[in-house]
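Listed here are the chains, written in short residue letters.
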Amino acid sequence: ANVKTEWFMITNSYHQVSRHVDLMFTPGKFVPVVPFTPATYPFCLKYPYCKEIIMLSQRWNPKHKQVILDMDMLYHTKERNAFCREWRERNGDNGEDLYAVHQPLRWKLREEKIIGPKGPTGTDYLAYLGREGKASMYKMTDRSLYGARAPFVKVYK
């Protein structure tokens, strides 16, 4: 998507901005504070979709261990653009190579059905920034310890 602002967030048509939304930044340097879920068994690895998100993010940074919900991430437009360019080069414009090229045996054994994302995620984006040495542009906070307020709420209409 063509974004004109320096920073942005994403949502979908099933959500709207929460009434209490108040993005957090560190005092002084105004670094965005983003909640993450640790990639541990009780919080992530026992769930196939979450486990797949971590496995995919570790293609960018093998040491990555934080799950970021796409709608919790405050994306920096310039960095997101660089990430998306590389993501498309690796996985195809529509993600057609995400599993088929990078994990062909697993893809065939699972009959071309893997429970996981079909495109780039906030977790991939943070892993990419970690690989590039730019993850410090965010202050990460563990939602399993401190909780988190969703910036968007589900619309039931």
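Residues numbered from 1 in each chain as written. Predicted model: local features only at pLDDT ≥ 70, side-chain atom pairs only at ≥ 80, totals over all residues. Heavy atoms only, no water.

Undergrad: Just checking my understanding: could you explain the packing of aromatic side chains for this structure?
TA: Aromatic ring pairs are defined here through the distance separating the ring centres and the angle between the ring planes. Under the definition given, this model contains eight aromatic pairs. Taking 5.4 Å as the distance between ring centres and 55° as the angle between the ring planes, the aromatic pair formed by Phe 83 and Tyr 128 counts as tilted. One end of the pair, Phe 83, is in helix α3 (residues 77-91); the other, Tyr 128, is in helix α5 (residues 122-131), with 45 residues separating them in the sequence. Grouping residues by exposure puts Phe 83 and Tyr 128 together as buried. By way of ring pairs, the aromatic residues Trp 7, Phe 8, Trp 60, Tyr 75, Phe 83, Tyr 125, Tyr 128 and Tyr 138 are connected into one cluster. Lying over the aromatic face of Trp 60, Arg 90 brings its terminal NZ or CZ to 3.9 Å of the ring centre. (Phe/Tyr/Trp six-rings, centres within 6.5 Å; stacked < 30°, edge-to-face > 60°. Helix = DSSP H or I, 4+ residues; strand = E, 2+ residues; numbered from the N terminus. Buried < 20%, exposed > 50% of the residue type's maximum accessible area, 1.4 Å probe, protein only. Lys NZ or Arg CZ within 6 Å of the ring centre and 35° of its normal.)

Undergrad: I'm lost on the pattern of salt bridges in this one. Help?
TA: Think of it this way: side chains of opposite charge can pair up when their charged atoms draw near. Within this structure, the stated rule accounts for five salt bridges. Three or more residues are tied together by salt bridges with common partners; here these are Glu 86, Arg 90, Arg 131 and Glu 132. (Salt bridge = Lys/Arg side-chain N within 4 Å of Asp/Glu carboxyl O.)

Undergrad: Where do I start with the state of the cysteines in this structure?
TA: Covalent bonding between the sulfur atoms of two cysteines defines a disulfide. Taken as a whole and judged by the stated rule, the model has one disulfide. What pairs with Cys 44 in a disulfide is Cys 50, and their sulfur atoms sit 2.1 Å apart. Between Cys 44 and Cys 50 the disulfide shows an S-S torsion of about -110°. By sign, it is left-handed. Of the residues examined, Cys 44 reaches a relative accessible area of 0% and is grouped as buried. (Disulfide = S-S within 2.5 Å.)

Undergrad: Would you take a moment to explain the packing of helix α2 (residues 48-57) against α5 for this structure?
TA: When two helices pack together, their arrangement is given by the angle between the helix axes and by the axis-to-axis distance. With their axes 9 Å apart at the nearest point, α2 and α5 run at an angle of 30° to one another. Compared by their axis directions, α2 and α5 come out roughly parallel. Between α2 and α5 the crossing geometry is right-handed. Between α2 and α5, the residues in contact are Ile 53, Ile 54, Leu 56 and Ser 57 and Thr 123, Asp 124 and Ala 127, respectively. Looking at the contact of α2 with α5, its residues break down into four nonpolar, two polar and one charged. (Axes fitted to C-alpha atoms, helices over the stretch in contact; angles between N-to-C directions. Parallel < 35°, antiparallel > 145°, perpendicular 65-115°, else oblique. Left-handed = near helix turned anticlockwise from the far one by under 90°. Contact = heavy atoms within 4.5 Å. Nonpolar A, V, L, I, M, F, W, Y, C, P; charged D, E, K, R; others polar.)

Undergrad: Would you take a moment to explain the packing of α3 against α5 for this structure?
TA: At their nearest, the axes of α3 and α5 sit 10 Å apart, and the two run at 100° to each other. By the angle between their axes, α3 is roughly perpendicular relative to α5. Where α3 abuts α5, its residues Glu 79, Arg 80, Ala 82, Phe 83, Glu 86, Trp 87 and Arg 90 lie against Asp 124, Tyr 125, Tyr 128, Leu 129 and Arg 131. Grouping the constituent residues of the contact of α3 with α5 by class yields six nonpolar, no polar and six charged.

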